[in-house]
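Each chain is listed here by its residues.
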Amino acid sequence: MFCYQCEQADRTGEMLGCAGPLGNCGKDPATADLQDVLIHAVKGIAQYATRARALGAPDEEAAPFILYAVFTTLTNVNFNPTRFVALIQQAAAVRDRVRARYEDAARARGQQPEQLTGPARWEPAADLDGLLRQAPSYRVDAGLGAVGPDVVGLRSLHLYAIKGICAYSYHAHVLGQQNDDVSAGVEEALAYLAEQPTETEELLARAVGLGRLNLTVMEMLDAANTGTFGPQQPTAVRTTPVAGKAILVSGHDLRDLAALLEQTKDTGVNVYTHGEMLPAHAYPLLKAYPHLVGNYGGAWQDQQREFTKFPGPILMTSNCIIEPYPAYRRRIFTTGPVGWPGVRHLADRDFSALIKAAQAMPGFRADEPEERFITVGFGRDALLSVADKVTDAVRQGAIRHFFLVGGCDGPTVGREYYRDFALGAPDDSVVMTLGCAKYRFNGHDFGEIDGIPRLLDLGQCNDAFSAVKIAQALAGAFECGLDELPLTLALSWTEQKAVAVLLSLLALGFRNIHLGPSLPVYLTPGLVAALVDTFGLRTIGDPAIDVAAALERS
Ligand code: FS2
Ligand code: SF4
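Predicted model only: the values in this text are computed from it and were never measured.

Re the overall build of the protein chain
Here comes step 1: Within the protein chain, the secondary structure is distributed over 19 helices and 16 strands.
Here comes step 2: Its C-alpha atoms give the protein chain a radius of gyration of 23 Å, within 12% of the compact-globule value 24 Å for 554 residues.
Here comes step 3: For the protein chain, the proportion of its 554 residues judged to be buried stands at 62%.
Here comes step 4: In the protein chain, of all internal contacts separated by at least 6 residues, the share reaching a separation of at least 24 is 75%.
Here comes step 5: Surface accessibility of the protein chain: about 20600 Å² in total, with carbon and sulfur atoms responsible for 51%.
Here comes step 6: Averaging the positions of the 48 positive and the 63 negative side-chain charges in the protein chain gives two centres separated by 5 Å.

Here we look at the sheet that holds strand 9 (residues 401-407)
Hydrogen bonds between backbone groups are what pair the strands of a sheet, and the pairing can be parallel or antiparallel.
Here comes step 1: Across the sheet, which stays open at both edges, the 6 strands sit in the order 13-10-9-14-15-16 with parallel pairing between neighbours. Since the sheet does not close on itself, it has two edges, and those belong to strand 13 (455-459) and strand 16 (538-539), each with one partner.
Here comes step 2: Two elements, strand 10 (residues 429-434) and strand 13, share 4 bridges in a ladder whose sense is parallel. Bridge pairing in strand 13 links Thr433 to Asp457.

Concerning the packing of aromatic side chains
Here comes step 1: Evaluation of the coordinates by the stated rule reveals 21 aromatic pairs.
Here comes step 2: Relative to Tyr328, the ring of Phe307 has its centre 5.5 Å away and its plane inclined at 85°; by these criteria the two rings are edge-to-face. Of this pair, Phe307 sits in helix 11 (residues 303-309) while Tyr328 sits in the loop between strand 5 (314-316) and strand 6 (332-335); the two residues are 21 residues apart in sequence, bridging distant segments of the chain.
Here comes step 3: For Tyr328, a relative accessible area of 0% translates into the label buried.
Here comes step 4: Geometrically, the ring pair formed by Phe310 and Phe364 is edge-to-face, given 5.5 Å between the ring centres and 80° between the ring planes. On the criterion of sequence distance, the pair formed by Phe310 in the loop between helix 11 and strand 5 and Phe364 in the loop between helix 12 (352-359) and strand 8 (373-376) is long-range, its members being 54 residues apart. Across this residue pair, the class does not change: Phe310 and Phe364 are buried.
Here comes step 5: Just above the ring of Tyr192 sits the side chain of Arg206; from NZ or CZ to the centre is 3.6 Å.

What to know about the domain arrangement of the protein chain
Here comes step 1: Once the domains are mapped, the protein chain shows domain 1 (29-228), domain 2 (235-359) and domain 3 (379-553).
Here comes step 2: Put simply, the middle of domain 1 and the middle of domain 3, counted by C-alpha atoms, are 31 Å apart.
Here comes step 3: Contact with domain 1, which involves 29 residues of that partner, is made by 25 residues of domain 3.
Here comes step 4: In this assembly, domain 1 packs against domain 3 so that about 2400 Å² is buried in total across both faces, 70% of it on carbon and sulfur atoms.
Here comes step 5: Summed over the shared surface of domain 1 and domain 3, the result is 1 salt bridge.

As for the pattern of salt bridges
Here comes step 1: For the structure shown, the criterion picks out 23 salt bridges.
Here comes step 2: A salt bridge links Asp428 to Arg400; the shortest N-O distance between them is 3.2 Å. Of this pair, Asp428 sits in the loop between helix 15 (416-424) and strand 10 while Arg400 sits in the loop between helix 14 (387-395) and strand 9, placing them 28 residues apart in sequence.
Here comes step 3: The class for Asp428 is partly exposed, based on a relative accessible area of 24%.
Here comes step 4: Shared partners join several salt bridges into a network, and the residues in it are Arg99, Glu103, Asp104 and Arg107.

Definitions and limits used
- Residues numbered from 1 in each chain as written.
- Chains lettered and ligands numbered in written order.
- Predicted model: local features only at pLDDT ≥ 70, side-chain atom pairs only at ≥ 80, totals over all residues.
- Heavy atoms only, no water.
- Helix = DSSP H or I, 4+ residues; strand = E, 2+ residues; numbered from the N terminus.
- Rg over C-alpha atoms; globule rule 2.2 N^0.38 Å.
- Buried < 20%, exposed > 50% of the residue type's maximum accessible area, 1.4 Å probe, protein only.
- Contact = heavy atoms within 4.5 Å.
- Areas by Shrake-Rupley, 256 points an atom, 1.4 Å probe, with all protein chains shown as cover.
- Lys, Arg positive; Asp, Glu negative; His and termini not counted.
- Charge placed at Lys NZ, Arg CZ, Asp CG, Glu CD.
- Pairing = 2+ DSSP bridges.
- Phe/Tyr/Trp six-rings, centres within 6.5 Å; stacked < 30°, edge-to-face > 60°.
- Lys NZ or Arg CZ within 6 Å of the ring centre and 35° of its normal.
- Domains from an automatic or database assignment.
- Buried area = accessible area lost by both parts, 1.4 Å probe.
- Salt bridge = Lys/Arg side-chain N within 4 Å of Asp/Glu carboxyl O.

Following this line, the structure appears as structure tokens:
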């Protein structure tokens, strides 16, 4: 096992990254190795898919399979080796189908099909043991001795950006959004990696290109969410429980939540959001369900404590799952790309077993005597509808600066920086936030400026497109570049979606982003220096000093 794809990567050994016996996320060596093999197999699909697409013969089912398969390999998504064995065999079958499609299309055009090598030719072993014997050749750092750490680091950056893109695209796909350019871009990027590229400049440039591709994906996801459930509206969300039977839903998948709300209608079971599902309360078609009663708990890393106390079953729809404690192991369920060995997996959005479990449990016995609320729902539609008011407040000096403080939360040290940074923003500034990092400070009362809330929750990390649209609208109003706005970004990362978003922001021209709590271990000092030089990327420091420096720059 070797994995260094996330911010939780082990930093204590000579080789930075998790090498077992367990990853810091709880990933076991077999799962880690099988994830490497699955990525290898998916690259093989991509090698043929790019060629089939170029000949006008795309395989419509290969694209969603790639999204789903890659999503299962993200941090804190799927820890079930059995699922990976099946996925690898399925990937090889998909690849063979796409290969046949490509070769038929080539022959139909009088062309000799290319004889591809690498993942295109690879044959999976028949069983778990055989696959594990194959795995070392497909580790993310394979070839390190031959090509050096910069190339391996950039290939890794590339792969992790693709993983983020696939996860976002999957969320859009389940809501019916599909874009051939995105499918082609993902396939092309994976096929490029299959060729084991070695040019660092090209790899860096293409990584920024993936940032641009991710922008299209984020726009597609925004259209999927708002098109399906309506534009986000500012909404006060109850954070204290009410009496009654209860289900807790975590992760990002709004379609799963919508299906569950429909299936629990008139059952007397209340539904609570957890973690990144909090912004669901802002969507008109979701908040219309009266039994979507509130949010319970905070960011994902606190789930073991919170799920233990929750008096009902729990559904994990995407990252981030942690090893379930015995206290709730029999009442947590996974769905979609998520998995944990021994945890019941619900397919096809059939949540009857989950609802049955809720009905068999006591639920909350009484309302919390003192109700508490937090306000969400400042996606781009809500904010842009008051754009004139916001720009007037800036022109009149009532708003001096904007901060975007958000991204992933996590268990690693140093994340209190984001709370201190947000709370340290001066009273004449506005703090926008998204992702699960918001739980560090969203219980605080930031007050208002001329009726504009000082804390604006834009949504999930999946809603990064809102932040981009708002920044672009401000830049349009003030006739300046994005890097000239009185706007500072303090971003917290954990997993691969954040990598894709960061590359999008860099591709758009955002500069001086404060990134933390630590930098990816796969970036060598030389690569970090290149990113600092080219993009002005900064690591986080002292929050008070960083806030002061941001104000000075504006
Ligand atoms: Fe948080 Fe985890 Fe949102 Fe990340 S719930 S760190 O995967 O996607 O942000
Ligand atoms: Fe380690 Fe992160 Fe990989 Fe888990 S996903 S094994 S914590 S680097």
